[in-house]
Amino acid sequence: MNRAILNQLDVEAEKVVAKYDQKKAATLTLLHMAQDKVGYVTPEIEAWVSKWTEVPVVHVHEVVTFYSMYHKKPAGKTHIRFCTGTSCALGGYEKILSHLKKKLNIQNGEVTKDGKFSLEEAECLCACECAPMMQVGDKYHMDLTEKKVDQILDAHK
Amino acid sequence: MANITIDGKQVTVKDGITIIEAIDQVKTELPRYCYHPGLSIAGNCRICQVEVEKMPRTVIACNTRVAEGMVIHTQSAKAKESQQVVLEFLLANHPLDCPVCDQAGECKLQDYYMDYGLYDSKFNEQKVKKTKKAVSIGPTIMLDQERCILCSRCVRFGDEITKTHDFGIFNRGDHAELNIYPGQELNNKYSGNVADICPVGALTDKDFRFKMRVWYLGSQESVCPGCSRGCNIKVEYEKSRPYHLKNERVMRLKPRENMDVNKWWMCDEGRYAYKSIDQNRIQKLISKENGVSSEISWQKALEKIAGLLKNAKPSSWAVLASPQYTNEELHLKKKLFKDQLKWTHIAFYAPGQEGSEDNFLIKKDKNPNSAGAAQILNLNGAADMTPVIEKAKRGELEGLIIFGHDLEKIYGAETLKLIRQKVKTIIYEGTNNNPTSAVADMVLPGVSYAEKEGTFTNFEGRVQRIRKAVEPIPGTLPTWDFLLNLSGLLGLSYKALRPEHIFEDLAKDNQAFQDLNYKKIGHQGMVWNKK
């Protein structure tokens, strides 16, 4: 399954690698490309990136484990990163977060039973001016209230 | 060249070297974890802090280049304080398990803690626990993640020396941990070296783990007899612990630095081959008469052999010398059998015994002294044992003296059986029991390379010394000693008492060894004069 997806990505990978002076510089981009297609980084993806970048697979794995935006296990269809930074704490994120957890019936790092949502408590996501906030997929949702959270979740169902 | 001052001492060093290299040249102590002269500079452990005058802060010696006029302090209050602070951070998540850690006694963390430690740490936080403690990561090495200080020496060893890319540092911050790729194992021909270069107890050698505390070990310089490379090693043996592991004296081998031979490394094949020193040894001098075996004294045996050899027809006896023996011993064999007794059937090369080879250290010739044997015995290309064996099989030999070779391993059990039937007298000299020693009429117990002095010549003609680490097992006799005594009984007189004297005689006798002596050979060996 993964193999077929990666074969499709080979064409694109060649273009990406050509953009950089050094092949190894394409590591992050290729990982993101593959993760977007598969949902998380599998050992096959690491081997595939290693093949394209000529970075030993153990060092690709170092990169994957270093950055928090690579998923090491399957995430939900919609991944939520909930900010637990200082400003959000001052803005009272705790109440909203526990509401969210209750609503999804999952804890930090878990995926909902239907596979639709996964939750990750994140350090500061750099949007302090509109705390409390969370990131749903690629989009920032700011000045959160419990009601707003409900609406957002409904929109992603 | 740059003129610099290290701790008040003025030195001139090569331009562009790092401060730590300059410090090592003047043999000043400076703590280090991640720096290793054989690996690239990582600069991540930060312990090698030195003060450089006119620089605002202390700098790390391993990643700062020397410059003209630099004044460096390694022991000043400022330098010491920096080292102390760094050590405190390195210990922040390190367990306090020295009493149960096998690295204790040769742990750099422990050593520097004694020198720079704060004793009362300012850290009150809970230590972050790593997941893996004492897990096997391959046939030779155990990993203990919480002891790791992430110096990355093993990572660089895998990337730069073996190119097997075994290790990585996964995760981030205080969750960072050392491991091999999930599902893989550390299994390369040089894996044992990572335990040597690990400055702490994170990677330990399975073979040595908990066998003995390192402060009970004695250490003697030697040369690995595992192949014709002749890697410089240290033989580490049980020194001062009576009643403990009585029959195992040699505990481990460690590589010894020699830039011309093995740099800092050795292969696993050589590293773990020391067991034959203490296991399955021939300990009794056995003589068989009319099918009855009995133990006899060396004096009696020597007289008996001398009697046999005196009456032997030179063409009806043969000697199988061996490249497992020292130059000195081969020289005595040559003088006795070739020059004095004028035997024509002399050989040393066992065919078909080659092993694996790579383009780093491992050579396919698994003998430490093939070059020396060829040079000293000077057999004009007739070194192969096979013609002698054929002669013996045809019943054309009366007597056969075998040094160390196991004929069953080389030629098969059938050949050994046939030779046993056809040859009247078989004398075996060697260290370990094998099928050939089992059928010999006389078995002479020799000593291993760890129990005698001598020299080996490696494949490049480098003559290197082996040294006595442990006393010979009672009843055994070094081959050179046996040959000196036997030569005396057969009318050859030497002024030699020790291998050193035999070597002097060899140097006079053989052009390749001219001008060489034990003093010149020293600790790092010397290439012979062969043109």
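What you see is a predicted model; the values in this text were computed from it and never measured. (Residues numbered from 1 in each chain as written. Chains lettered and ligands numbered in written order. Predicted model: local features only at pLDDT ≥ 70, side-chain atom pairs only at ≥ 80, totals over all residues. Heavy atoms only, no water.)

Here's the deal with the overall build of chain B
1) Next: The secondary structure content of chain B amounts to 16 helices and 23 strands.
2) Next: Seen through its C-alpha atoms, chain B measures out along the principal axes to roughly 85 × 50 × 40 Å.
3) Next: Every one of the 531 residues in chain B was classed for burial, and the buried ones make up 56%.
4) Next: Contacts in chain B between residues far apart in sequence, at least 24 positions, make up 68% of those at least 6 positions apart.
5) Next: With the model as given, the accessible surface of chain B reaches about 23800 Å², and the carbon-plus-sulfur share is 50%.
6) Next: For chain B, the separation between the mean place of its 74 positive charges and that of its 66 negative charges on side chains is 3 Å. (Helix = DSSP H or I, 4+ residues; strand = E, 2+ residues; numbered from the N terminus. Buried < 20%, exposed > 50% of the residue type's maximum accessible area, 1.4 Å probe, protein only. Contact = heavy atoms within 4.5 Å. Areas by Shrake-Rupley, 256 points an atom, 1.4 Å probe, with all protein chains shown as cover. Lys, Arg positive; Asp, Glu negative; His and termini not counted. Charge placed at Lys NZ, Arg CZ, Asp CG, Glu CD.)

Quick notes on the confidence of the model for chain A
1) Next: Looking at chain A, pLDDT values average 93 and 99% of them are 70 or higher.
2) Next: Mean pLDDT across the secondary structure elements of chain A bottoms out at helix α1 (residues 2–18) of chain A, with 91, and peaks at helix α4 (residues 57–66) of chain A, with 97. (pLDDT = per-residue confidence, 0-100.)

Points about the pattern of salt bridges
Residue and element names in this part refer to chain B.
1) Next: As enumerated under the stated definition, the model contains 37 salt bridges over all chains in all.
2) Next: Here Asp441 makes a salt bridge to Arg420, at a shortest N to O gap of 3.1 Å. Pair noted here: Asp441 is in the loop between α13 (435–439) and β20 (442–445) and Arg420 is in helix α12 (residues 413–422), with a separation of 21 residues, a long-range link.
3) Next: Among the residues examined, Asp441 registers a relative accessible area of 17% and is labelled buried.
4) Next: Here Glu471 makes a salt bridge to Lys468, at a shortest N to O gap of 3.4 Å.
5) Next: We classify Lys468 as partly exposed; its relative accessible area is 32%.
6) Next: Overlapping salt bridges, with partners in common, bring together Asp97, Lys133, Asp144, Glu146 and Arg147 in one network. (Salt bridge = Lys/Arg side-chain N within 4 Å of Asp/Glu carboxyl O.)

Observations regarding unusual backbone geometry
1) Next: Of note, the amide linkage connecting Ala131(A) to Pro132(A) takes the cis form, showing an omega dihedral of -10°.
2) Next: Mapped onto the elements, Pro132(A) comes out in the loop between β2 (117–122) and β3 (134–136).
3) Next: The residue Ala134(B) is not glycine, and still its phi comes out positive at about 50°.
4) Next: Note that Ala134(B) resides in the loop between α3 (108–116) and β6 (135–136).

Points about the sheet that holds β6(B)
Residue and element names in this part refer to chain B.
1) Next: Spatial ordering of the open sheet is given by β6-β7-β10, a layout of 3 strands whose pairing is antiparallel. The open sheet is flanked by β6 and β10 (203–205), the only strands paired with a single partner.
2) Next: Relative to strand β7 (residues 141–143), β6 runs antiparallel, the two sharing 2 bridges. Each bridged residue has a counterpart across the sheet, and for Val135 the counterpart in β7 is Leu143. (Pairing = 2+ DSSP bridges.)

What about helix α10 (residues 386–393) of chain B?
Each full turn of the α-helix corresponds to 3.6 residues, which orients residues three or four apart in the same direction.
All names here are of chain B.
1) Next: All of the buried residues in α10 are Val388, Ile389, Lys391 and Ala392. The arc enclosing the buried residues of α10, seen along the axis, measures out at 160°, which places them on a common side.
2) Next: Looking at the buried positions of α10, the neighbouring elements they touch are β16 (317–320), β17 (345–347), β18 (399–403), α11 (407–411) and α12.
3) Next: Among the residues trailing α10, Gly395 stands out with phi positive, at a value near 80°. (Arc of directions from axis to C-beta.)

Here's the deal with the pairing of strand β15 (residues 292–295) of chain B
The side chains of a regular strand alternate, first on one face of the sheet and then on the other.
Residue and element names in this part refer to chain B.
1) Next: Taken together, the 4 bridges between strand β14 (residues 286–289) and β15 define a ladder with antiparallel strand orientation. Counterpart to Ile286 in the pairing with β15 is Glu295.
2) Next: Linkage of β14 to β15, two consecutive antiparallel strands, is achieved through a turn of 2 residues, within which Asn290 is found at a positive phi near 50°.

Quick notes on helix α9 (residues 370–377) of chain B
Residues and elements named next belong to chain B.
1) Next: Burial within α9 is extensive, with 6 of its 8 residues counted as buried.
2) Next: Three or more residues of α9 are buried, namely Ser370, Gly372, Ala373, Gln375, Ile376 and Leu377.
3) Next: In this structure, the buried side of α9 is in contact with α8 (327–340), β21 (454–457) and α15 (499–509).
4) Next: Where α9 terminates, the next one or two residues include Asn378, which has phi positive at roughly 45°.

Some thoughts on the domain arrangement of chain B
Residue and element names in this part refer to chain B.
1) Next: According to the domain assignment, chain B consists of domain 1 (2–90), domain 2 (98–107 + 125–205), domain 3 (219–277) and domain 4 (286–527).
2) Next: Between the C-alpha centres of domain 1 and domain 2 there is a distance of 26 Å.
3) Next: Each partner contributes residues to the interface: domain 1 has 12 residues there, and domain 2 has 11 residues.
4) Next: Each partner contributes to the roughly 900 Å² buried at the junction of domain 1 and domain 2, and carbon and sulfur atoms together form 56% of this total.
5) Next: If you sort the residues of domain 1 by the area they bury against domain 2, Tyr33, Leu39 and Ser40 come out on top, with a joint share of 52%.
6) Next: Our count for the contact surface shared by domain 1 and domain 2 stands at 0 salt bridges.
7) Next: Taken together, the connections running from domain 1 to domain 2 amount to 8 residue pairs in polar contact (both at pLDDT 80 or more).
8) Next: When the residues that make up the side of domain 1 that touches domain 2 are grouped by side-chain class, the tally is 7 nonpolar, 4 polar and 1 charged. (Domains from an automatic or database assignment. Buried area = accessible area lost by both parts, 1.4 Å probe. Polar contact = N/O pair within 3.5 Å; in protein donor to acceptor, adjacent residues only side chain to side chain. Nonpolar A, V, L, I, M, F, W, Y, C, P; charged D, E, K, R; others polar.)

As for the packing of helix α3 (residues 43–53) of chain A against α4(A)
The packing of two helices is summarised by the inter-axis angle and the distance between the axes.
Residue and element names in this part refer to chain A.
1) Next: Where α3 meets α4, the closest approach of the two axes is 9 Å, and the angle between their N-to-C directions is 115°. The crossing of α3 and α4 is right-handed. Residues Glu46, Ala47, Val49 and Ser50 of α3 form the contact with α4, whose own contacting residues are Val57, Val60, His61 and Val64.
2) Next: Along the lines of polarity and charge, the residues of the contact of α3 with α4 split into 5 nonpolar, 2 polar and 1 charged. (Axes fitted to C-alpha atoms, helices over the stretch in contact; angles between N-to-C directions. Left-handed = near helix turned anticlockwise from the far one by under 90°.)

Description of the sheet that holds strand β2 (residues 9–13) of chain B
Residues and elements named next belong to chain B.
1) Next: One open sheet accounts for 5 strands, arranged β2-β1-β5-β3-β4; its pairing is mixed. Unpaired on one side and paired on the other, β2 and β4 (59–60) mark the two borders of the sheet.
2) Next: In the sheet, strand β3 (residues 49–52) pairs with strand β5 (residues 71–73) via 2 bridges, with the strands oriented antiparallel. For Val52, the partnering residue across the bridge sits in β5 and is Ile72.
3) Next: Packing of helix α2 (residues 77–90) onto the sheet brings it into contact with β3 and β5, and relative to β3 it is tilted by some 155°.

Remarks on a nonpolar patch on the surface
1) Next: Residues Leu28(A), Phe66(A) and Tyr67(A) make up a contiguous nonpolar surface patch of roughly 250 Å² in combined accessible area.
2) Next: Take Leu28(A): it is sitting in helix α2 (residues 27–38). (Patch = residues over 30% accessible without salt bridge, like charges linked within 9 Å, V, L, I, M, F, W, Y side chains within 5 Å.)

Looking at the interface of chain B and chain A
One widely used convention gives an interface's size as the accessible area the parts lose upon coming together.
1) Next: At the interface, 12 residues of chain B touch 12 residues of chain A.
2) Next: Together, Phe170(B), Arg172(B) and Tyr181(B) form the three largest contributors to the area buried by chain B at its contact with chain A, with a combined 54%.
3) Next: Linking chain B with chain A are 0 salt bridges, by the criterion used here.
4) Next: Summed over the shared surface of chain B and chain A, the number is 5 residue pairs in polar contact (both at pLDDT 80 or more).
5) Next: Elements represented by at least two residues in the side of chain B that touches chain A include exactly α4 (153–161) and β8 (167–170) of chain B.
6) Next: Sort the elements by how many residues they give to the side of chain B that touches chain A and β8(B) lands first, with 4 residues.
7) Next: For the side of chain B that touches chain A, the per-class residue count stands at 6 nonpolar, 3 polar and 3 charged.

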